[in-house]
Amino acid sequence: MRMYDIIQKKKRGGVLTDEEISAFVSGYVREEIPDYQAAALLMAICFVGMTPEETAALTFAIRDSGEKPDFGAISGFRVDKHSTGGVGDKTSLVAAPIVAALGVKVAKMSGRGLGHTGGTIDKLEAIRGFRTDLSAAEFAAVVNRVGLAVTGQSRTLAPADRKLYALRDVTATVDSIPLIASSIMGKKLAADDDGIVLDVKCGSGAFMKTEEESMVLAKTMVDIGKRAGKKMLAFVTDMDRPLGRTIGNSLEVAEAAETLAGKGPDDLLSLSLELSAAMLSLAGKGSLEECRKAAEDAVKSGIALETLAAMTEAQGGEASWILDPTRFPKARCRAAFCAPQSGYLVHTDAEGYGRAALALGAGRARLDDHIYPAAGITLLAKTGDFVKAGECVALLDSEEEARLDDAKAILAASTRYGDAPPVSRPLLLACVE
Ligand code: URA
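One structure accompanies this document, and this report is about it. (Residues numbered from 1 in each chain as written. Predicted model: local features only at pLDDT ≥ 70, side-chain atom pairs only at ≥ 80, totals over all residues. Heavy atoms only, no water.)

According to the stated counting rule, one finds 34 salt bridges in the structure shown. Across the salt bridge formed by K90 and E255, the nearest N and O atoms sit 2.5 Å from each other. Of this pair, K90 sits in the loop between β1 (79-83) and α5 (91-101) while E255 sits in helix α11 (residues 249-260); the two residues are 165 residues apart in sequence, bridging distant segments of the chain. Residue K90 is classed as buried on the basis of its relative accessible area, which comes to 1%. Notably, a salt bridge pairs E351 with R355, separated by 3.7 Å at the nearest N-O pair. One end of the pair is E351 and the other is R355, both in helix α16 (residues 350-360) and four residues apart, which spans about a single turn. For R355, a relative accessible area of 38% translates into the label partly exposed. The structure contains a network of salt bridges with shared partners spanning E211, D238, D240, R241 and R425. (Salt bridge = Lys/Arg side-chain N within 4 Å of Asp/Glu carboxyl O. Helix = DSSP H or I, 4+ residues; strand = E, 2+ residues; numbered from the N terminus. Buried < 20%, exposed > 50% of the residue type's maximum accessible area, 1.4 Å probe, protein only.)

Okay, the packing of aromatic side chains next. Considering all chains together, one arrives at four aromatic pairs under this definition. Aromatic pair F24 and Y28: ring centres 6.3 Å apart, planes at 20°, arrangement stacked. Of the two residues, F24 and Y28 are both situated in helix α2 (residues 18-29); the distance of four residues between them amounts to about one turn of the helix. Accessibility assignment for this pair places F24 and Y28 in one class, buried. (Phe/Tyr/Trp six-rings, centres within 6.5 Å; stacked < 30°, edge-to-face > 60°.)

For any two helices packed against each other, the geometry is given by the interaxial angle and the distance between the axes. Two elements in contact, helix α4 (residues 52-63) and helix α9 (residues 177-191), have axes separated by 8 Å at closest approach and are oriented at 40°. Classified by the angle between their axes, α4 and α9 sit oblique to one another. Considering only the axes of α4 and α9, their crossing is right-handed. Residues T55, L58, T59, F60, I62 and R63 of α4 pack against P178, L179, S182, S183, M185, G186, L189 and A190 of α9. Split into classes, the residues belonging to the contact of α4 with α9 amount to eight nonpolar, five polar and one charged. (Axes fitted to C-alpha atoms, helices over the stretch in contact; angles between N-to-C directions. Parallel < 35°, antiparallel > 145°, perpendicular 65-115°, else oblique. Left-handed = near helix turned anticlockwise from the far one by under 90°. Contact = heavy atoms within 4.5 Å. Nonpolar A, V, L, I, M, F, W, Y, C, P; charged D, E, K, R; others polar.)

Here it is as structure tokens:
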């Protein structure tokens, strides 16, 4: 089988066989196929697309490209939740403890943030002492004892995705639905959970800008998961504006803990309850309504917050910070971003707000950038609110004074004011089963 022929076939609109796809992925991982040929095939896929069968074959080849974690020591149904990436999205830190508190195991392998979107591992590492490099035995022990553990993805998990993603990043081949779906699901299926809930973000802060594209991505990933024998459910949710009131690692963990203590913002709580209900329902705990009610009760009774604190302690972190988020260290410098005019906030552009947080030091533009845990943005007003001229819209935190002005300039360009409130679309846009 020659790589030249595979590229030619796809370029001419052909449908690749499972064998051709698997030969491409394994040959590329073994470095027998050079980057230029892999890039040519990726570009052909961007233009021609893939059938559902080809997309599934690509996903399974990525899944099988490395070592699978051995979760044999974890008893019971395991469910995971994955977001395609957003700004201020800390729902994993709220939903996972709720689900675990209600008796369903969450063995979560998460990634780091890149660009304007955040990652759960960076957020948790903002808690002093929190370890995200658990061995397989430690991970299984924490999941069995607490119901929930979160660790980083090992380098041996689906290595084909790491190589392919790095190549896509520099060859303008990221934005293809079969490539995105197989990249996300290849890693998720390698972790081999029994059920997966997907939160496909839609809007300026997301990969997918329109509801149509987001629906196609959600359906594609649900189809792949079902072909692999997994219980699947996907939501399409709004990411035109940041979720909750904070962007930045320790600010977001504090907000997640406050939400579990019943003091969080409505949008974050309601989306986290929906995601929890879906995870519980996939695990056979009842209908979505019954599970939503159980999730609400787990927040009201405090058991979900206790579960987050227990996981933090079990992973070496300061559990007292979860129970009293005012203990998170503060950044050295703070500035206010104020409204230049009176009016309704008609648009707080999620991507722009994510880029401003990045400028403050809360994220990384490149994989090896250093991040400041306490850097970030606290929103005092959100899309739809009325603000007076000079009123503070957001507080900016950074370790370096010079970064504050850069972030303010980005926020100024990302915030629009108007005389009438905006027509707002709901947070939850669609559900794909
Ligand atoms: N996230 C991934 O893991 N892969 C993609 O291709 C896009 C988003």
